[in-house]
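Each chain is listed here by its residues.
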Amino acid sequence: MHPMKNIITLLVVLSFISCQKEIPENEAIPTNNSEEFNAYKPLQNTLVRTISIPNDTIYGQYGKIEVGFESGREIIYATNLMANIMDNFDLAEATHFKTNRINNDPALFNVPLSEIIRISEDSIFLFGPGGRLFLVDNEMRVTNQWNFSRNIEPNDGLSGIDPLNSTESFFLNGKSLFVRSYPAFNWDNEVEFYEKPFMVEYDLEKNEVIRQLGYFPKFMTDNKDEYFFNDYKFSWLKSNSDKNKLLVSFRRSHHLMVLDLETGDQSFVPAKSNYLDRFNLMPRNYDPQNSFNALITNGIYHRLIYDQYRDVYYRIVAHDQPLKNPITNRLNSAAYKPFSIIVLDKDLNYLGESTFENYNRFSYLNISVCSEGLLFFVKNESNESVVQFDIFNIIL
C-alpha cells in the first residue's frame, strides 16, 4: 500500500487554511503534446575512467551515491538505507576508508529511513515515513529531530508529510524547510489528489507550518478516469542562479516547472526528450498487476541534477521498454532501463541529449556529479570482490 493510505496527525490553524492560495493562473502550460520544443540535438558521451576498489569488508550494494568534499578530499558517499550503511571512498585514490552505521544512535533504532541528504560535512538529514526527520553529525549521532505528525492537524488539503518524491522530498531554504505533503485523497483513484498543494513550508524552530504551495500541472487533472502510474512522484532541485526558485521535473511533463518559493507563482520551460512522446495511462484504481507492469515498461522523466563544475543541469530520462526481454523471456528490470540525459545550460536553455548505450551496467536511478564528470555506480554481479564506479563526460 502507498503512504497516502496511512493518515498521520498534523496541526494547522484555521486562519492558515482560510488564506490558502488558489491554483496560480500562470500554471496552465501548453498541452503535453505541444510542438513548441527545440529540435533534437544528439550529444556524445565518453568514458573518462573506471574506478575499481577491492571489496573485502565493505557492503558493495548502494541505493544512493553522492560526492562531496571532506578535509580537502573528494569523497564518494555510498549509502544503503536498508542495511543502514554508508561507505566512504576517496575518489582520487580509489580507496575505501570509512564505514558509518547509520542507526547506531538509539533515537534511530527501529526507524525505517527513506532518505539521506548531506548538507555539510557535519550536518546530515535523515527522513523516514510518518514525517520523522533527524539531523545527525558525521558520526551519525542525532543532534536534533522533528516529528511532524505531532504538530499538525489534518484537513482535506493536508493529510500528511512523507518521503514521496522520486529523489529527495525536502530541502532547506533560509530558515525554512520545504517538504512534500499529501492531501486526504488517494493518488491512484482520486483526481482531487492532484488538485491540492504538494508541499509545505515548515518553520523548524517554531515547529509549525507556515503555508502550503505548489500545484501539479493542469493536464494531470484533465482526465478524471485515467492517470499515469506514480504520477505523484517527481524530482525537484533549487535553481543555482536564484535560490528562491525551485525546478520541478514531473514524470510525464515535457516541461520543467519553475516555482517561485516567495510568491508561489509557477511558470514552465520546455525540456523534452527525443525518446518520450505519449504516456500510457491506466484506469484510476489500484491494480497491483497493472502497476507492476507499468513500473517496468513506462518511460519517465526522472531526476534533476546540477553540475557545479560545468554550470549545467541534467534531466535524467528513462525510456520505454518491453515487459520481458525478447531473448531470455525474463522480466526486464525497472531499475535498469535504456536512458538518456538532457543537458540544459544555467538559464535552462536546451543544449542537447546524450544516450547511454550500456544501460545494463549502471542504473539511471543512481547518478552523481564529480569534478571529472558524471559518476555511476556499476552493477558488478560477476565479481563481488570489487566495487566499481564509471565516470563519463558528456561532450557539449
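Residues numbered from 1 in each chain as written. Predicted model: local features only at pLDDT ≥ 70, side-chain atom pairs only at ≥ 80, totals over all residues. Heavy atoms only, no water.

A word on the sheet that holds strand β24 (residues 339–345)
Part 1: Ordered in space as β1-β25-β24-β23-β22, the five strands form an open sheet in which the pairing is mixed. Every other strand in the sheet has two partners, leaving β1 (42–43) and β22 (300–307) as the edge strands with one partner each. (Pairing = 2+ DSSP bridges. Helix = DSSP H or I, 4+ residues; strand = E, 2+ residues; numbered from the N terminus.)

Here's the deal with the pattern of salt bridges
Part 1: Tallying each qualifying case throughout the model produces 13 salt bridges.
Part 2: Across the pair Arg-141 and Asp-137 runs a salt bridge, and its minimum N-O distance is 2.8 Å.
Part 3: Classification of Arg-141 as partly exposed rests on a relative accessible area of 47%.
Part 4: One salt bridge in this structure joins Asp-307 and Arg-310, with 2.5 Å as the shortest N-O distance. (Salt bridge = Lys/Arg side-chain N within 4 Å of Asp/Glu carboxyl O. Buried < 20%, exposed > 50% of the residue type's maximum accessible area, 1.4 Å probe, protein only.)

Remarks on the packing of aromatic side chains
Part 1: Considering all chains together, one arrives at 36 aromatic pairs under this definition.
Part 2: Ring centres of Phe-193 and Phe-216 lie 6.2 Å apart, and the angle between their planes is 45°; this geometry places the pair in the tilted category. One end of the pair, Phe-193, is in the loop between β13 (176–182) and β14 (199–203); the other, Phe-216, is in the loop between β15 (208–213) and α2 (219–222), with 23 residues separating them in the sequence. You'll find Phe-193 and Phe-216 in the same group, each marked buried.
Part 3: Considering the side-chain rings of Tyr-194 and Phe-216, the 5.0 Å spacing of their centres and the 75° angle between planes classify their relative orientation as edge-to-face. Here Tyr-194, found in the loop between β13 and β14, pairs with Phe-216, found in the loop between β15 and α2; they are 22 residues apart in sequence, far enough to count as distant. An identical accessibility class is assigned to Tyr-194 and Phe-216; each is buried.
Part 4: Arg-73 extends its terminal NZ or CZ atom over the ring of Phe-97, reaching a point 4.2 Å from the ring centre.
Part 5: Seen from the ring of Tyr-77, Arg-118 lies directly overhead, with NZ or CZ sitting 3.6 Å from the centre. (Phe/Tyr/Trp six-rings, centres within 6.5 Å; stacked < 30°, edge-to-face > 60°. Lys NZ or Arg CZ within 6 Å of the ring centre and 35° of its normal.)

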